[in-house]
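# Reading the structure
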Number of protein chains: 2
Amino acid sequence: MTTAARRPATLDDVARAAGVSRSTASRVLGGNGFASPTARERVRTAVDLLGYVPNPAARALVHGSGVRLLIAVAGTDPTVLDDPYVDQAVAAVARACTPHGLGVAVQWVPLAEPERLTRLTDDRGVAGLVLLNTTPALLDLVPRRLAGRAVSIGIGSATVPSVDIDNGGGTTAIVRHLYDTGRRRIAMVTGPRWLACANRSVRAYRALVHEAGLPAREVVGDFSANRGYAAAREVLRRWPDTDAIVGISDATALGVIGRLRADGIRVPDDVAVTGFDDIPLAATVALTTASHPVRQIITAAATMVLEQRTAPETTVFPSALVVRGSA
Amino acid sequence: MTTAARRPATLDDVARAAGVSRSTASRVLGGNGFASPTARERVRTAVDLLGYVPNPAARALVHGSGVRLLIAVAGTDPTVLDDPYVDQAVAAVARACTPHGLGVAVQWVPLAEPERLTRLTDDRGVAGLVLLNTTPALLDLVPRRLAGRAVSIGIGSATVPSVDIDNGGGTTAIVRHLYDTGRRRIAMVTGPRWLACANRSVRAYRALVHEAGLPAREVVGDFSANRGYAAAREVLRRWPDTDAIVGISDATALGVIGRLRADGIRVPDDVAVTGFDDIPLAATVALTTASHPVRQIITAAATMVLEQRTAPETTVFPSALVVRGSA
DNA sequence: CACACACCTGGAAGCGCTACCACCACAATC
DNA sequence: GATTGTGGTGGTAGCGCTTCCAGGTGTGTG
C-alpha cells in the first residue's frame, strides 16, 4: 500500500514523524509516565500512519521477560504429544497468547527424568509455563524465575496455581447414572496410573462400586481409542458378565464401542459404555459422557500466566453428565 | 542444582567462565568465524556447566529475524479457529518450531478483508508465515520481508511456495470406488465455495459423475459434523433415491452418518457414506475415507519456512483411499 | 630479515526498546 | 523573590547478542 520496499516502522520512525523524542513516544505507548495530550495525540496518529507495531524481541530483551509460553507435557515417551488433547491445549494457549504478542512452544518432559524441565526453563525466551499431565516432581522444578508465570493443568502446589477438572465428580455422576439405570457389573478402562487426574476418576469409581457392594473391575488404558479397543476385549474375557464399561476418555469409549460392535455385542442393550470429555464427536455417535469446557479451562490457564496471577489458587471446573444413547 | 536463586546464564557468564571474550564465545556458538580448538573446547564445557541457552530475544533483535511463526487462517469469521484441523495445524507447527527456539501464534484473517494480513505481518516479531485456507488475494499480500519465510497450505503463488493435498485425486478415488461398488446416485456435501482445496474435490466429483452420465447432487457444507448432520437431511429431501453421500471431510461424513442412523437409514446398505482426511476416529467408526498425512504435511510446511526455502515450489502429498465399512 | 598471509582474538558498535535521570518550564507556596 | 513542587520532556544507559574491525600471534615465502 504505502512504499514499495516496506520496512516495519520502529519507535524512532514514530518519534520522528510525531516530532517528539523516542522517550516520549515510548511513554505514550507504554501508558506510564507523563505525556501531554498534544504529544499523546501526535504519537497516536504517527503510529496509525506508519502501522507501527512494537518489536517484541526488543521489548522482551529490555524487560527480561521472554517471548513465548512453554507448554511442558509430561509423559513416558514423546508420543504423548500426538494426543489430540495436547493439540487442543497447544492451540488454545496459542490463541490466548497471540494478542499478547507471545508465541507458544511445546515440549515433552520424560516422566522418569523431570529435571529435564530445568533445561527447558533455563531458556530466557520462556516467558511462562503451562504444565500438562503434571506430576508433583515437576511442580518442584518450576524455577523461581517463573513464579507467578507458571500454571499447572491438573494438580498444583504451594507455588504453582492450577486449573483442574472435577474428574471425581464427573466420574461419580457417570457411575451413579449407570447404577441408577440398572447396571450392576460395571467395569472401567482406566488411564495411566501416574496421572493424578486419571486417578481421581478411578478412585471415584472404586468408591462408588464399593459403596454399592459391587466388585471393581479395572483394566489399565491410556486414553487412546486403540487401547480402548483392546481393553474392551480384555474386560469381557476376564468378566464376561460385564454390563457396563466406563471409559476414562471419549476416545477410550469409542474404542470400546468399536470393539463391542465388531464382536456383535449391542451397545447399550448388552453393555452400556460411557466416555469422559465430551469431544465434538461424542454427540455424533451418541456417547454418554461427562462434559467439561476444555478450551475454556486451557484458556483460563493461559490467562492466569499472561496476567501473572500470584495467588497459588486452584480453580476446579465442574464436569456435567451428558446422557446420550450409549448408556 | 547449582546456586539458590538461579539466573539463566548469559553469554558473558559463559565467556568469563571459559576465560575468553564474549566475541569469541559468540563465534564458537554461532559456528562462523575463527576459533581455536582450545577456545572452542573451553566455551563448550562452560556452556554445559552453566546450562547456557542463548536468549532468543537478543538474537532476534540483532538479526532482525523475529521470534515466532504466525499461522494466519482465512475464514468468513473467527470461528474458523475452532476447527480441530486448525488445532492440529497449530500444534504441529509448534512442535516443528520449538527446537528452533521459535514460538507460534495464530490469527484469523477475515476473508472479506485480506489486507488485515499486512497489519499482522508488520509485527517484527513475526519470523515466518504459514497460510491456512489460503486465497489468492492473501498470497499477494505476503510482504517482501517474509519472502522465503512464508508458505501456504493449499494454493501457492510465484513467490509463496505451498504444500498441498491431492484433493482431486483423493476424491476421484472415492467416487470411483462408489461407482465400482454399484452406486449410481451419488450426492456430495461440499465445503465452502471460496476454498480452493474444497473446490478441487468438488470438481473431481463433478467430472466423474458427468463422465459416468450421472447427475451431480450437491449441498454446500462447511467441513463440520453439525453441518453434515443437517446436510444429510437436505440431500435426502431433494433426492430421496440417493444411494451414496460423499462428505468433504470426515467430520461431515460422521454428521451425515449420525443423521442417517437417527432416521433409520442403514449405512452402507441403504446409503454409502465416505469421508475425507482419515482422522483417528475414522477407523473406530469404520468410515471409508481418503487418507493423507496431515501432520506430516503441516510439518513439511513448517520446515520449509524454518529452513528458509526460497524456491516457490509446490509439494503435493498424495491421498490414499481407505476402504472400511461405511462404503 | 622483511614481508605477506594465514589464523585467532578482544574491543566496540548497534539491533529496538524501556527506564531512569536530569532538566525545564510554569504555577503555587512561604 | 526564593523555594518547592508538578507536568512534561529529551538524553542516555543498558537488556544479550552478533558482527565488524583493528590488532595481535604464529607460520611460510621472497
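Identification of chain A as LacI family transcriptional regulator from Verrucosispora sioxanthis is taken from an unreviewed UniProt entry.

Under the defined criterion, the tally for this structure stands at zero aromatic pairs over all chains. Lying across the ring of Tyr179 of chain A, Arg184 of chain A places its NZ or CZ 3.6 Å from the centre.

The next thing to look at is the protein's contact with DNA strand D. As a matter of local geometry, DNA strand D sits amid 27 residues, with Thr24 and Ser36 of chain A together with Leu11, Tyr52 and Arg59 of chain B nearest to it. A share of 60% of the atoms of DNA strand D within 4 Å of the protein falls on sugar and phosphate groups. Between a phosphate oxygen of DNA strand D and a main-chain N or O atom of Asn55 of chain B, the distance comes to 3.2 Å. Considered class by class, the residues forming the surface near DNA strand D number 12 nonpolar, 10 polar and five charged.

What follows deals with the packing of helix 8 (residues 167-180) of chain B against helix 9 (residues 196-211) of chain B. Residues and elements named next belong to chain B. Contact pair helix 8 / helix 9: the axes reach a minimum separation of 8 Å and the direction vectors enclose 35 degrees. In terms of crossing hand, the pair formed by helix 8 and helix 9 is right-handed. Contacts between helix 8 and helix 9 involve Asn167, Gly168, Thr171, Thr172, Val175 and Arg176 from the former and Cys197, Arg200, Ser201, Ala204, Tyr205, Leu208 and Val209 from the latter. Partitioning the contact of helix 8 with helix 9 into residue classes produces six nonpolar, five polar and two charged.

Next up on the list: the protein's contact with DNA strand C. In the neighbourhood of DNA strand C, 28 residues make up the surrounding shell, with Leu11, Tyr52 and Arg59 of chain A together with Thr24 and Ser36 of chain B lying closest. Taken together, the sugar and phosphate atoms account for 61% of what DNA strand C places within 4 Å of the protein. Contact between DNA strand C and Ser23 of chain B: a base oxygen at 3.0 Å from a side-chain N or O atom of the residue. Secondary-structure elements contributing two or more residues to the surface near DNA strand C are helix 2 (22-30) and helix 4 (56-63) of chain A together with helix 2 (22-30), helix 3 (37-50) and helix 4 (56-63) of chain B. Per-element accounting of the surface near DNA strand C gives the leading share, five residues, to helix 4 of chain A. Residue classes in the surface near DNA strand C are distributed as 13 nonpolar, 10 polar and five charged.

Turning to the sheet that holds strand 8 (residues 244-247) of chain A, a few remarks are in order. What links the strands of a sheet is backbone hydrogen bonding, and the strands pair in either a parallel or an antiparallel sense. Residues and elements named next belong to chain A. Strands sit in the order 7-6-8-9 across an open sheet of four strands; the sheet is parallel. The sheet is open, and its two borders are formed by strand 7 (217-220) and strand 9 (272-274), each paired with just one other strand. Adjacent strand axes in the sheet meet at a mean angle of 20 degrees when their direction is disregarded. Packing against the sheet, helix 9 (residues 196-211) makes contact with strand 6 (186-190) and strand 7, and its axis sits at approximately 170 degrees to strand 6. Together, strand 6, strand 8 and strand 9 form the strand contacts of helix 11 (residues 250-262), whose direction differs from that of strand 9 by roughly 155 degrees.

A word on the environment of Leu287 of chain B. With respect to the secondary-structure elements, Leu287 of chain B resides in the loop between helix 12 (280-284) and strand 10 (289-291). For Leu287 of chain B and Val189 of chain B, which are 98 residues apart along the polypeptide, the C-alpha to C-alpha distance reads 16 Å.

Residue and element names in this part refer to chain B. According to the stated counting rule, one finds 34 salt bridges over all chains in the structure shown. When the shortest N-O distance is used, the salt bridge between Arg185 and Asp241 registers 3.4 Å. In this pair, Arg185 is assigned in the loop between helix 8 and strand 6 (186-190) and Asp241 in the loop between helix 10 (225-238) and strand 8 (244-247), connecting sequence segments 56 residues apart. Note on Arg185: relative accessible area 33%, which makes it partly exposed. Judged by its relative accessible area of 38%, Asp241 is partly exposed.

A rotation about some axis, followed by a shift along it, carries one copy of the chain onto the other. For the pair chain A and chain B, the relating rotation is 180 degrees, the translation along its axis is 0.0 Å, and the fit reaches an RMSD of 0.1 Å. The transformation relating the two chain copies, once decomposed into turn and shift, fits a two-fold axis. Both copies share a contact surface, since 100% of the interface residues of chain A are interface residues in chain B too.

Moving on, we get to the domain arrangement of chain A. Many descriptions give the size of an interface as the accessible area lost when the pieces come together. If you check the domain split of chain A, you get domain 1 (11-54), domain 2 (68-165 + 295-317) and domain 3 (167-291). Put simply, the middle of domain 1 of chain A and the middle of domain 3 of chain A, counted by C-alpha atoms, are 60 Å apart.

Looking at where Ser319 of chain A falls in the secondary structure, it is placed in the loop between strand 11 (314-317) and strand 12 (320-322). Ser319 of chain A has contacts with Ile165, Asp166, Gly170, Phe276, Ala290, Ser291 and His292 of chain A, leaving out every residue within four places of it along the chain.

Quick look at helix 3 (residues 37-50) of chain A now. Residue and element names in this part refer to chain A. In this model helix 3 runs 20 Å from its N-terminal to its C-terminal C-alpha over 14 residues, within 8% of the 20 Å that 1.5 Å per residue would give. Those residues of helix 3 not exposed but buried are Ala39, Val43, Ala46 and Val47. An end-on view of helix 3 places all buried positions within 100 degrees of arc, on one side of the element. Residues of helix 3 that are exposed and point more than 90 degrees away from the buried face comprise Pro37, Thr38, Asp48 and Leu49. The elements touched by buried residues of helix 3 are helix 1 (11-18) and helix 2. Phi for Gly51, located one or two positions after helix 3, is positive at around 60 degrees.

Cut-offs applied
Residues numbered from 1 in each chain as written. Chains lettered and ligands numbered in written order. Predicted model: local features only at pLDDT ≥ 70, side-chain atom pairs only at ≥ 80, totals over all residues. Heavy atoms only, no water. Phe/Tyr/Trp six-rings, centres within 6.5 Å; stacked < 30°, edge-to-face > 60°. Lys NZ or Arg CZ within 6 Å of the ring centre and 35° of its normal. Near = heavy atom within 4 Å. Polar contact = N/O pair within 3.5 Å; in protein donor to acceptor, adjacent residues only side chain to side chain. Nonpolar A, V, L, I, M, F, W, Y, C, P; charged D, E, K, R; others polar. Axes fitted to C-alpha atoms, helices over the stretch in contact; angles between N-to-C directions. Helix = DSSP H or I, 4+ residues; strand = E, 2+ residues; numbered from the N terminus. Left-handed = near helix turned anticlockwise from the far one by under 90°. Contact = heavy atoms within 4.5 Å. Pairing = 2+ DSSP bridges. Salt bridge = Lys/Arg side-chain N within 4 Å of Asp/Glu carboxyl O. Buried < 20%, exposed > 50% of the residue type's maximum accessible area, 1.4 Å probe, protein only. Least-squares fit on C-alpha atoms with pLDDT ≥ 70 in both. Domains from an automatic or database assignment. Expected span 1.5 Å × (residues − 1). Arc of directions from axis to C-beta.

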